[in-house]
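# Residue-level structure breakdown
So the chains spell out like this:
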2 protein chains.
Amino acid sequence: MPFFSNTVQHIRSSEIRDLMKLATSPNVISFAGGMPNNNLFPIDEIDEIILKMDKEKKKTAFQYGPTQGYPPLLHTLKEYLRKKGLPVDTHKLMITTGSLQAINILGMEFIDPGDVVFTENPSFIGGLAVFKAFQANIVGIPLENDGINLEILEQKLNEYNPKILYVIPNFHNPGGMIYSLEKRQKLLELLKGKNIILLEDDAYNELYFSEEAKRLTKPIMSMNTQGVEIVYAGSFSKILGPGFRLGWMLASPEIYEKAEIIKQGIDACSPNFTQVIANEFMEKGYLEPYLNKIRKEYKQRSLMIQSALEKYMPKNIKWTKPQGGFYVWLQLPEYMDSTKILKESIDNGAVFVTGKTFDPENIKNNNIRLSYSNMDKNQIDKGVKIIADVVREYIVPKINLV
Amino acid sequence: MPFFSNTVQHIRSSEIRDLMKLATSPNVISFAGGMPNNNLFPIDEIDEIILKMDKEKKKTAFQYGPTQGYPPLLHTLKEYLRKKGLPVDTHKLMITTGSLQAINILGMEFIDPGDVVFTENPSFIGGLAVFKAFQANIVGIPLENDGINLEILEQKLNEYNPKILYVIPNFHNPGGMIYSLEKRQKLLELLKGKNIILLEDDAYNELYFSEEAKRLTKPIMSMNTQGVEIVYAGSFSKILGPGFRLGWMLASPEIYEKAEIIKQGIDACSPNFTQVIANEFMEKGYLEPYLNKIRKEYKQRSLMIQSALEKYMPKNIKWTKPQGGFYVWLQLPEYMDSTKILKESIDNGAVFVTGKTFDPENIKNNNIRLSYSNMDKNQIDKGVKIIADVVREYIVPKINLV
C-alpha cells in the first residue's frame, strides 16, 4: 500500500467516532450526543407529504439535480432567509450535504497548509476537524457569555493573518450561549476592511426558548453594513432531521462560483430525494408549527437540567443558562480534569463530552458539555446526579488541602 | 476577500456544470447526460416501502447514523457483494454519499500535490476532476476494446511511481466497452507486488444486456489472488436512483480506518433517510425484478442507437457496441474536432459530450460520447441523424482534398 497523504497525518483521530459510540450506548444516560430528539421528528407530516406528492416531483426526487440545489427548494429557502434579513439578492445560495459540508467546501476553497484560521475557544468539533484536515494553523479566541472576546481577537488580528474566522453566534455548540446584539455589531466593526472571511455557522438559529432570545438570534450577516466578507451556513438537521443531510451556504458570487465547482467534484449534488421533501415541508407551512412544538420541548428539557444542576452540583461550579439550543457548558475549577470525571461517570452510568474535545489546541480540559436534546426526560435528574457526585469527589480533597 | 487556496487553482473549470445545463435543456435532443432514465425509477415500490415502514425505522431515517453506514444496509449490501465473490469478510464496507465520494475520500487519503495517478484514457470526468482537485499528476493509459493497454501500462509503471490506478472495467463511462476476463487477470498479474492501489469503479455492474455480458462483469477484486491492494466502489445511482446519493466502498481495514475518519469530517454520515429505504428495497427482494426491467429497457435503447448509427454515420466512423450500460463511444478520424461538431449539432438540435472532456490531458478530441439512457426512444433516430449529418459535412471536404 502506498503512503498516506499529508492530509491524513493531520486529521483528528477517531475521537468523534468513539464519542458517537458512547453517546448511543444503551446502558448509560447520555448527555453526549448533539442530535435532535428521536421522538420529536415530524414523521406524520413527512408521510403525508410523500403520500400526496405527484409523480413528476417523485421522478425529480430520484434523479441527479443541479449542483446548486433543487430549484424550488432554493427559491423557498431564499424567501425564508430573506425574512431573517439575509442578503439573498446580492449573494448566492447553495444546498449542501449537511452544513458540515459548507465548512468543508470553504476550507477547500481557501485553506492551504499552514494558513491561519481563527475559531472560538471552545468551538464545534466538526469545524475543528475540517480545519485540521486542511492543515490550518488554528488559533482559538476565548468565548465569553456574550460572544467572542473582542480584545483578544483584535490583538490576534494584529499578530496573525487569518483567512477565516469561524463563529457560532446562536445557541453555541458547545458553549450553550448566545452573542449579544452589541457584540455582533462590534465584531463587524472590528472586521471592517480586514482581509478575512467571517464564517457564520447558524445551525441552531430557530431553537430559541423565548421572544427575548429570538430577538438576539439576528444573523450577523443581516447586520453587515460594514462590507465584511461573510459566508452564512445553516442546516435542516435541527429543524427537520439530520438524516436528510441537508444544509446550505449563502456567499458572495465570487466565493459561490468556486464553491459550486468544488461541490460538483465532491458529491455532484445534494440528495434530491430529501430536498424535494424538505421543500414541500417548508412550502406547505409545516415548518413553523413544528418549530413551535420542538422549542417548547427543548425548553422544558433545558429547565429540567437547570434544576438538576442547581440541586446536585457543588457551589463552585458554574454553567451557562441556555436561552435556546441543545447544550449546557459547565466550568469546573482550573485544576480539574474532565476526562477523569468522564471515566468515573461512565462507570456510574452517565456520559458527556469533555472540554478539551472542543479546544482548538485540544488541551484545556476543565469544562463539560451536557447535551439535553436527545434523552428521556425522566433520566435527566438521575444523570446529572451521577455526574455531580463524581465532580464533588474531585473537589473535596482539594479543599481539604487548603 | 483572502486569496483562494492552491486547490482551487487546480480544479477544473465549470465544464461539468455547463454540460449538465446543456444536457437538460428542453429544446435539444440530448445524448449528453450520463443519468438513468427519468421514467424508469421504481417509484411505486418505494412508495409502498415508505407506506409500510414502521415508526421506529422512520425515526432512524430522520436521525444521524454511524459514519460507516446504516447497519442493516451494510449487512444487506455485504451479502449482495458476497454473491459477486467480493472479499466482504476480510475487507470493510462503508456507505458513501454517492460513489464519487468514495473516489474523493481515497484521493484525500493518498494524494499529495504532484503525486502520480494513472487513469484510463478516456476516463470518467468526475474521477478526473477529483484527482485534479488534489493536484495529482494524472497519466492517461489508452483504453482498448477489451480493457486498458497493458503494454503501455507496464511501460508507464517503470517510468512513474503512481499511487492509484483508476479503472472502470464494466460498461465503461465514456468508453462503452467492457474488460475481457483475460485482461482483468493479466492486469492483476501486472500489478502484483507493485506499491499501488487499484481503484475499481463498478457503478454500472448490473446493467448487462445478455448472459454472456453478465459473465464478463466479474469484479477484478473478486479475482484477486495476487494480493493487489484494491478499493472497490459501487453505487445505488444506476440501480435505484442518483437522488438517493448513495454509493459504497469496500477496502482493506487499513485503508478503511482512515477513510472513515475522513468521511466523518466531510459530511458525518450518508443520508440515513435514503439508506433506510434502500435497505428495504434490497431486503424485500425488489432489486432483481427491477434490474431485469431496466436491463431490457436500456438494451432496447442501445439497439436503437446502433441501428441509427449504422443508417446515418459515414463509413469511416467507428463506434463501440455496448453489451451494457449507458454509452456509445464514437471514434472520428484524427483530424476531426468534436467541439466544432458539437457546436453545429446544437444549432441543429442535438447535444453530446466531446472527446477531450474525458481525456486526462484535456486534448484528444476526435471522439464523441453518446448516452442513450435518459431520452425519449422516438428521438434517438432523429438525434443521431442530426449529428451524423454534421459529421459527414466535416469529412467530405477532407476527402475532396486528397
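So, here is what we can say about the structure in this document. The structure presented is a predicted model; accordingly, all values stated were derived computationally and were not measured.

## Points about helix α5 (residues 71-83) of chain A
Residue and element names in this part refer to chain A. Here α5 contains 13 residues, and its C-alpha end-to-end distance of 19 Å stays within 8% of the 18 Å for a straight helix at 1.5 Å per residue. Residues of α5 that are buried sit in contact with β2 (92-96), β8 (229-235), β9 (247-251), α12 (272-283) and α13 (287-312). Of the residues one or two after α5, G85 is the one with positive phi, at around 85°.

## Let's talk about the interface of chain B and chain A
Think of interface size as the accessible area that goes away when the parts come together; that is how it is often given. Taken together, the contact between chain B and chain A spans 81 residues of the former and 80 residues of the latter. Contact between chain B and chain A buries roughly 6,700 Å² in total, counting both sides, with carbon and sulfur atoms accounting for 65%. Among the residues chain B hides against chain A, the three largest losses belong to B:M1, B:F62 and B:Y64. Together they make up 12% of the total. Across the contact surface, chain B and chain A share 4 salt bridges. Among the ionic pairs, A:K58 bridges to B:D47, the shortest N-O distance being 2.8 Å.

## Thoughts on the packing of helix α5 (residues 71-83) of chain B against helix α12 (residues 272-283) of chain B
Residues and elements named next belong to chain B. Two elements in contact, α5 and α12, have axes separated by 9 Å at closest approach and are oriented at 40°. Taken together, α5 and α12 sit at an angle that is classed as oblique. In this structure, the crossing between α5 and α12 has a hand that is left-handed. On the side of α5, the interface is formed by P72, L73, T76, L77 and Y80, while α12 contributes Q275, A278, N279, M282 and E283. Here the residues of the contact of α5 with α12 are counted per class, giving 6 nonpolar, 3 polar and 1 charged.

## Topic: the relation of the copies chain B and chain A
Under the fitted operation, chain B is carried onto chain A by 0.0 Å of movement along the axis and a turn of 180°, and the coordinates agree to an RMSD of 0.0 Å. Both chain copies can therefore be described as sitting about a two-fold axis. When the interface residues of chain B are mapped onto chain A, 99% of them are again interface residues, pointing to one common binding face.

## Focus on the packing of aromatic side chains
For the structure on display, the rule yields 33 aromatic pairs over all chains. Centre to centre, the rings of A:F4 and B:F110 are 5.0 Å apart; their planes meet at 25°, and the pair counts as stacked. Separated into two different chains, A:F4 in the segment before α1 (6-10) and B:F110 in helix α6 (residues 99-110) make up a pair that spans both. Where A:F273 meets B:F273, the ring centres are 6.4 Å apart and the plane angle is 45°; that geometry is what we call tilted. Here B:F273 lies in helix α12 and A:F273 lies in helix α12, a pairing that spans two chains. Each member of the pair A:F273 and B:F273 is classed as buried. Taken together, the aromatic side chains of A:F41, A:F62, A:F244, A:F273, B:F41, B:F62, B:F244 and B:F273 make up a single cluster linked through ring pairs.

## Here's the deal with the side chain of B:N170
Residue and element names in this part refer to chain B. Checked against the element boundaries, N170 lands in the loop between β6 (164-167) and α9 (181-191). Looking at N170, its side chain comes within polar contact range of the side chain of D202, at 2.8 Å. Look past the residues within four positions of N170 in its chain and what remains in contact with it is M177, I178, R184, D202, Y204, N205, L216 and T217.

## Here's the deal with the sheet that holds strand β11 (residues 327-331) of chain B
All names here are of chain B. A sheet is described by the order of its strands in space; here 4 strands give the open sequence β10-β11-β14-β13, paired in antiparallel fashion. Lying at the two open borders of the sheet, with one neighbouring strand each, are β10 (318-319) and β13 (353-354). When β10 meets β11, the two strands line up antiparallel, connected through 2 bridges. Within the sheet, the bridge partner assigned to W319 lies in β11 and is L330. Sitting on the sheet, helix α13 (residues 287-312) is in contact with β10, β11 and β14 (367-371), with an inclination near 20° to β11.

## Topic: the sheet that holds strand β5 (residues 147-148) of chain B
Residues and elements named next belong to chain B. Across the sheet, which stays open at both edges, the 8 strands sit in the order β2-β9-β8-β7-β6-β3-β4-β5 with mixed pairing between neighbours. The strands lining the two open edges of the sheet, one partner per strand, are β2 (92-96) and β5. Looking at chain direction, β6 and strand β7 (residues 197-201) are connected through 4 bridges and run parallel. Considered in β7, the bridge of Y166 is made with L199.

## Remarks on the packing of helix α3 (residues 43-52) of chain A against α12(A)
Residues and elements named next belong to chain A. One can describe the packing of α3 onto α12 by two numbers: an axis separation of 10 Å at closest approach and a directional angle of 110°. Looking at the two axes, α3 sits roughly perpendicular to α12. Contacts between α3 and α12 involve E45, I46, I49 and I50 on the former and, on the latter, I277, E280 and F281. Per-class residue counts for the contact of α3 with α12 are 5 nonpolar, no polar and 2 charged.

Criteria and thresholds
- Residues numbered from 1 in each chain as written.
- Chains lettered and ligands numbered in written order.
- Predicted model: local features only at pLDDT ≥ 70, side-chain atom pairs only at ≥ 80, totals over all residues.
- Heavy atoms only, no water.
- Helix = DSSP H or I, 4+ residues; strand = E, 2+ residues; numbered from the N terminus.
- Expected span 1.5 Å × (residues − 1).
- Contact = heavy atoms within 4.5 Å.
- Buried area = accessible area lost by both parts, 1.4 Å probe.
- Salt bridge = Lys/Arg side-chain N within 4 Å of Asp/Glu carboxyl O.
- Axes fitted to C-alpha atoms, helices over the stretch in contact; angles between N-to-C directions.
- Parallel < 35°, antiparallel > 145°, perpendicular 65-115°, else oblique.
- Left-handed = near helix turned anticlockwise from the far one by under 90°.
- Nonpolar A, V, L, I, M, F, W, Y, C, P; charged D, E, K, R; others polar.
- Least-squares fit on C-alpha atoms with pLDDT ≥ 70 in both.
- Phe/Tyr/Trp six-rings, centres within 6.5 Å; stacked < 30°, edge-to-face > 60°.
- Buried < 20%, exposed > 50% of the residue type's maximum accessible area, 1.4 Å probe, protein only.
- Polar contact = N/O pair within 3.5 Å; in protein donor to acceptor, adjacent residues only side chain to side chain.
- Pairing = 2+ DSSP bridges.

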